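# Chain and residue survey
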Amino acid sequence: MIRITDEAWQVMVEHAQRQYPDECCGAMLGVVRPEAAQPGAEPTSVKVISRAVPLVNTYQGEQADRYEINPMDLLKTDREARAAGLELIGIYHSHPDCDAYFSKTDLENSCPWYSFVVLSIQQGVFHHANSFLPNAEQTHAEPEPLFIPSSTTH
Ligand SMILES: [Zn+2]
């Protein structure tokens, strides 16, 4: 389960809309909090994203359907997160004029320890978003319950 705070969400949506019709990408920082489980149920945790960091799409080609993050940018963001007492929890990117699904390319470029949030931008405006958890073999990504500020939902 992943929950994005107003502040981080605003940064993500503005970034995605600004980069349209290209794909944007960035990092999501926050903390993992244990959730009180129902009696008899497995204990769960919730990832709370309090900060979004826009990164440069370094893909050398048509950026309308592809993104690439420089590993050094990610490393730097990871260090800054730790220094601020936060964790690098996931990666976000946008799908211009496409649904927020997890593509084959997304799967191939994924890391199993991150949450991947995809924002669908339709005609330059935010439409909907989904989060995915890829497996270690990069053969499948499980949908992850995503909670975003309600003012932006459709
Ligand atoms: Zn994608």
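For the structure, see preceding data.
Residues numbered from 1 in each chain as written. Predicted model: local features only at pLDDT ≥ 70, side-chain atom pairs only at ≥ 80, totals over all residues. Heavy atoms only, no water.

Broken down by element type, the chain carries three helices and eight strands. In sequence order, the secondary structure elements of the chain are arranged as β-α-β-β-α-β-α-β-β-β-β. Rg of the C-alpha trace for the chain: 15 Å, near the compact-globule value of 15 Å for 154 residues, within the 12% margin. Considering only C-alpha atoms, the chain reaches an extent of 50 × 35 × 30 Å along its principal axes. Burial status across the chain gives 42% buried among its 154 residues. Restricting to contacts in the chain with at least 6 residues of sequence separation, those with at least 24 account for 65%. Side chains of the chain give 10 positive and 21 negative charges; the mean places of these two sets differ by 8 Å. (Helix = DSSP H or I, 4+ residues; strand = E, 2+ residues; numbered from the N terminus. Rg over C-alpha atoms; globule rule 2.2 N^0.38 Å. Buried < 20%, exposed > 50% of the residue type's maximum accessible area, 1.4 Å probe, protein only. Contact = heavy atoms within 4.5 Å. Lys, Arg positive; Asp, Glu negative; His and termini not counted. Charge placed at Lys NZ, Arg CZ, Asp CG, Glu CD.)

The next thing to look at is the packing of aromatic side chains. Going through the model one piece at a time under the given rule, you end up with four aromatic pairs. Between F102 and F116 the ring centres are 5.6 Å apart and the planes differ by 55°, which places this aromatic pair in the tilted class. Of the two residues, F102 is situated in the loop between β4 (87-96) and α3 (104-108) and F116 in strand β5 (residues 115-122); the sequence distance between them amounts to 14 residues. Taken as a pair, F102 and F116 share a single burial class, namely buried. Taken together, the ring pairs connect F102, F116 and F132 into an aromatic cluster. (Phe/Tyr/Trp six-rings, centres within 6.5 Å; stacked < 30°, edge-to-face > 60°.)

Taking 1.5 Å of rise per residue, the 13 residues of helix α2 (residues 71-83) would be expected to cover 18 Å, and the 18 Å separating its terminal C-alpha atoms lies within 8% of that figure. Considered for burial, the residues of α2 that qualify are L74, T77, D78 and A81. For α2, the buried positions fall inside an angular range of 105° around the axis, keeping them on one side. Along α2, exposed side chains directed more than 90 degrees from the buried face belong to M72, R79 and A83. At its buried positions, α2 is contacted by β2 (25-35), β3 (44-55) and β4. Between the side-chain oxygen at the start of α2 and the backbone nitrogen of M72 there is a gap of 2.8 Å, and the oxygen is on N70. Following α2 by one or two positions, G85 adopts a phi angle in the positive range, close to 75°. (Expected span 1.5 Å × (residues − 1). Arc of directions from axis to C-beta. Polar contact = N/O pair within 3.5 Å; in protein donor to acceptor, adjacent residues only side chain to side chain.)

Turning next to the side chain of Q63. Structurally, Q63 is set in the loop between β3 and α2. Here Q63 is in contact with D22, E23, N57 and T58, once residues within four sequence places are set aside.

Time to look at the sheet that holds strand β8 (residues 146-147). Spatially, eight strands are ordered β7-β6-β5-β4-β2-β3-β1-β8 in an open sheet, and the strand pairing comes out mixed. Of all the strands in the sheet, just β7 (141-144) and β8 have a single pairing partner and so form its edges. By the bridge criterion, three bridges tie strand β1 (residues 2-4) to β3 in an arrangement that is parallel. Across the sheet, residue I4 finds its bridge partner in β3, namely I49. With respect to the sheet, helix α1 (residues 6-19) is in contact with β1, β2, β3, β4, β5 and β6 (125-134), its orientation differing from that of β3 by roughly 45°. Relative to the sheet, α2 contacts β2, β3 and β4, its axis offset from that of β4 by approximately 135°. (Pairing = 2+ DSSP bridges. Axes fitted to C-alpha atoms, helices over the stretch in contact; angles between N-to-C directions.)

Here the zinc ion is held by the protein donor atoms H93 (NE2), H95 (NE2), D106 (OD) and D106 (OD), which lie 2.0 to 2.5 Å from it. Viewed at the metal, the four donor atoms of the zinc ion are separated by angles of 56 to 161°, and the geometry they form is irregular. Within one chain, the residues donating to the zinc ion are spaced in sequence as H-x1-H-x10-D. Remark: D106 occurs in helix α3 and H95 occurs in strand β4; sequence separation between them is 11 residues. Overall, the relative accessible area of 5% leaves H95 in the buried class. (Donors = N, O, S within 2.8 Å, 3.2 Å for Na, K, Ca; no water. Tetrahedral: all angles 85-135°; square planar, octahedral: opposite > 155°, others 65-115°.)

These figures come from the coordinates and say nothing about function on their own.
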